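One-letter residues, chain by chain:
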Amino acid sequence: MKKHDLCALLGIPAPAGPDFSFTHVTEDSRRVRPGSLFVAVQGEKQDGHTYATQAVSQGATAIIGDDTTLHELAGVPYLPVTVPRRAAGIIAHALLDNPSHAMTVIGITGTNGKGCSAYLTRAILDQAGFLTANFGTLGYHIGDTTYHADHTTPFGEDLAEMFGKARDAGVSHLVMEASSHALDQERVAGVRFNVGAFTNLTQDHLDHHGTMDAYCQAKLKLFQRLEGASAFGAVNADDPAGERFRQAASVPCSTYGEKGDCAASDIRMTAQGTRFRLKTPWGEGPVALHLVGEHNVYNALCAVAICGGLGVKFTDIVEGLQTLKAVPGRFETVATGQSFQVIVDYAHTEDGLRNVLRAARKICPGRLITLFGCGGDRDKTKRPKMGAVAAELSDFVVLTSDNPRTEDPLRILLDAEVGLQRSGRHKDDDYIVLSDRTEAIYRAVALARKGDVVMLAGKGHEDYQILGTTKIHFDDREVARKALEALC
């Protein structure tokens, strides 16, 4: 791509000065190679401009950034743009001939339920005979191939590459989680979304967004970007923020939930799954979902609204819902023949924890023992709220570390413990505090008796723990299995 083509793509005037061309774009100076366009992004901790000399020495032919006073940097042309990271995404996708334009792209946003809704949507589309892909927290799945996920949504150049792989594999429908960070940081720039879905909005990520309104505004960007002749949105009508998402879209929106176009009635829950009667504009009938909990009924309805809007037959919708046996780290059971249940779930917000504990309570004839922690370097205000939810819905709580990162683990535990104490819970009688998560899981399992449920919340599918700046291998499911085996 040459300078004039670049400027036309970004809608900016072509500046005077020497021409240049490039075949690759990156915002990571370590990835620069001969023929690269380097994008200097001012991040939260580092300014990409300080790496300009390194980028040029490695072969960068030009640089773009947001400094309007520059026209040259480190000896190569410099083009100022308003949002460099957005430009990076647009360029990366354009260099691959815009792979998202070759498929139907479905974006799902919301605080909780994105992963399960995406899995259910893909299960339905697979049942209908489409070749699908799913990008999100649980990995990037293209057909039968899975790629590791470092972020719910990767940065622009990596996301473009994944879209290219999906197109080359013949994918017709791609479902992806669209996190607030990804939308706010323009990681999805260059992607053409045909369908947008909204699950719910509850407190999370205020360490990044600052306020709930800013958090909501970030998620609204998905609906503001829906395009295409058949584009549409699917909105949770029961969530107070639902109407804001409908108004943000310039395309039609269907709804789901008790007040929605797609609704569930006669909900019955067991340890094996959830049964309900599904009513939609395309038909109605019984569904036997293998996932447990009312929150998963909402996730199923989200998938139904998406797939029904895409023209999938009602029979395929029902069959697709029923084919999904489990979602990794979402209400996932760990069993070695014990007389009580151990469940691992990703719930790491106040609302997410409330949902899984309510679901667990309905299938728990004995005591509900909850283990949870809170992430370090993240929203501190949700810690006592999570403690209060655990106190409200559990018989006994084991408070432990999640990913403390660079914060003092004991400080994090104290913040969460406030919620337990304000709820009238007493240390040792109603809860214990163990900073070591392995020890905490062993203790929680050892406390359980016949008919109890042990809920290990917070990490779900994650197979690591971040201590300081070090990432170590850690999987709640593996530790729980060892703890159960140690009881024998």
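See above for the structure.
Given the structure is predicted, the values throughout are model-derived calculations rather than measurements.

A. Main features of the nonpolar core. The biggest cluster of nonpolar side chains holds 38 residues, and the ones touching the most others in it are Leu-120, Leu-278, Ile-306, Ile-317 and Leu-321. Counting residues per element, the ones that place at least two in this core are β6 (104-109), α4 (114-127), β11 (195-198), β12 (232-236), β15 (273-280), β16 (283-289), α10 (294-309) and α11 (314-323). Residue contacts for Ile-306: discarding those within four places in its chain leaves Ile-106, Ile-108, Thr-121, Val-195, Ala-197, Phe-232 and Ala-234. In this structure, Val-171, Leu-174, Phe-223 and Cys-253 belong to the second largest nonpolar core, which totals 35 residues.

B. Geometry of the packing of aromatic side chains. Evaluated as defined, the whole model comprises five aromatic pairs. Centre to centre, the rings of Phe-198 and Phe-245 are 3.9 Å apart; their planes meet at 10 degrees, and the pair counts as stacked. With Phe-198 in strand β11 and Phe-245 in helix α9 (residues 242-248), this residue pair connects regions lying 47 residues apart in the sequence. Classification of Phe-198 as buried rests on a relative accessible area of 0%. Consider the rings of Phe-223 and Phe-245, whose centres lie 5.4 Å apart with planes at 80 degrees: the pair is edge-to-face. One end of the pair, Phe-223, is in helix α8 (residues 212-224); the other, Phe-245, is in helix α9, and 22 residues separate them in sequence. The same class applies to Phe-223 as to Phe-245, namely buried.

C. The sheet that holds β6, seen in detail. In space, the eight strands of this open sheet follow the order β9-β8-β7-β10-β6-β11-β12-β13, with mixed pairing throughout. Single-partner strands in this sheet number two, and they are β9 (145-147) and β13 (253-256). Each adjacent strand pair in this sheet contributes to an overall mean axis angle of 15 degrees, direction not counted. Across four bridges, the pairing between β12 and β13 is parallel. Bridging across to β13, Val-235 finds its partner in Thr-255.

D. Summary view of empty space enclosed by the protein. For the structure shown, the criterion picks out one cavity of 30 Å³ or more. Estimates place the volume of the largest cavity at around 30 Å³. Among the elements of the structure, β1 (24-26), α3 (84-95) and α5 (156-168) are those that each provide at least two residues to the lining of the largest cavity. Here the lining of the largest cavity gets three residues from one element, more than from any other, and that element is α3. Here the lining of the largest cavity is composed, by residue class, of four nonpolar, three polar and two charged.

E. Quick peek at the pattern of salt bridges. All told, the structure shown has 24 salt bridges when counted by the stated rule. Of the charged contacts in the structure, one is a salt bridge between Asp-213 and Arg-244, with a shortest N-O distance of 3.2 Å. Here Asp-213 is found in helix α8, whereas its partner Arg-244 is found in helix α9, with 31 residues between them in sequence. With a closest N to O distance of 2.9 Å, Arg-383 and Asp-415 form a salt bridge. Of this pair, Arg-383 sits in helix α13 (residues 382-393) while Asp-415 sits in helix α14 (residues 409-422); the two residues are 32 residues apart in sequence, bridging distant segments of the chain. Grouping residues by exposure puts Arg-383 and Asp-415 together as buried. Sharing partners across several salt bridges, the network here consists of Arg-383, Glu-407, Arg-411 and Asp-415.

F. Representation of the pairing of β11 within the structure. Burial of β11 is two-sided: the residues Val-195 and Ala-197 facing one way and the residues Gly-196 and Phe-198 facing the other way are all buried. Here β11 runs beside β12; their pairing, made up of four bridges, is parallel. Note that in β12 the partner of Val-195 across the bridge is Phe-232.

G. Fine view of the state of the cysteines. Tallied over the full model, the rule gives zero disulfides. Left unpaired, Cys-216 is separated from the closest cysteine sulfur, that of Cys-253, by 13 Å. No disulfide involves Cys-307; its sulfur sits 9.2 Å from the nearest other cysteine sulfur, which is in Cys-302. With a relative accessible area of 0%, Cys-307 lands in the buried category.

H. Highlighting the sheet that holds strand β17 (residues 332-334). Pairing within the open sheet is mixed, and its six strands lie in the order β17-β18-β22-β19-β20-β21. Here the strands that pair on one side only, and so sit at the sheet edges, are β17 and β21 (431-433). When the angles between neighbouring strand axes are averaged without regard to direction, this sheet yields 20 degrees. In terms of strand pairing, strand β18 (residues 341-345) meets strand β22 (residues 453-457) through five bridges, oriented parallel. Residue Ile-343 lies in a different strand from β22, and its bridge partner there is Met-455. Along the sheet, helix α15 (residues 437-447) makes contact with β18, β19 (368-372), β20 (396-399), β21 and β22, crossing β19 at roughly 180 degrees. Helix-sheet contacts for helix α16 (residues 476-487) involve β17, β18 and β22, and the interaxial angle to β17 is about 30 degrees.

The rules behind the values
Every chain's residues receive numbers from 1 upward, in the order its sequence appears when written. Reporting in this predicted model follows two pLDDT cut-offs: at least 70 for local features of residues, and 80 or more for side-chain atom pairs to be given and counted; totals over whole chains, interfaces and linings ignore these cut-offs and use all residues. Heavy atoms throughout the structure, all of them, feed into the side-chain values; hydrogens and water do not. Here, the term nonpolar core denotes a set of buried Ala, Val, Leu, Ile, Met, Phe, Trp, Tyr and Cys residues that are joined through side-chain atoms within 4.5 Å. Think of it in three bands: residues with accessible area under 20% of the maximum for their type are buried, residues over 50% are exposed, and the middle band is partly exposed, with areas taken using a 1.4 Å probe on protein chains only. A run of H or I in DSSP becomes a helix once it reaches four residues, and a run of E becomes a strand once it reaches two; helices and strands are each numbered from the N terminus. Should any heavy atoms of two residues lie within 4.5 Å, those residues are counted as being in contact. Between rings of Phe, Tyr and Trp, where Trp is taken as its six-membered ring, a pair exists when centres lie within 6.5 Å; planes separated by under 30 degrees are stacked, by over 60 edge-to-face, and by other angles tilted. Two strands pair under a simple rule: DSSP has to find at least two bridges between them. Note on geometry: axes are C-alpha line fits, over the in-contact stretch for helices, and angles between N-to-C directions span 0 to 180 degrees. A pocket, in this scheme, is an open set of points on a 1 Å grid over the protein atoms alone with protein on both sides within 12 Å along at least 5 of 7 lines, while a cavity is a set where a 1.4 Å probe fits but cannot get out; residues line either one if an atom lies within 4 Å of a point. Grid points are joined across faces, edges and corners, and a volume is the space filled by probe spheres set on the points. Polarity classes work like this: nonpolar for Ala, Val, Leu, Ile, Met, Phe, Trp, Tyr, Cys and Pro, charged for Asp, Glu, Lys and Arg, and polar for all others, with Gly in that last group. The working definition used for a salt bridge is a side-chain nitrogen of Lys or Arg within 4 Å of a carboxyl oxygen of Asp or Glu. Note on terminology: disulfide denotes any pair of cysteine sulfur atoms within 2.5 Å.

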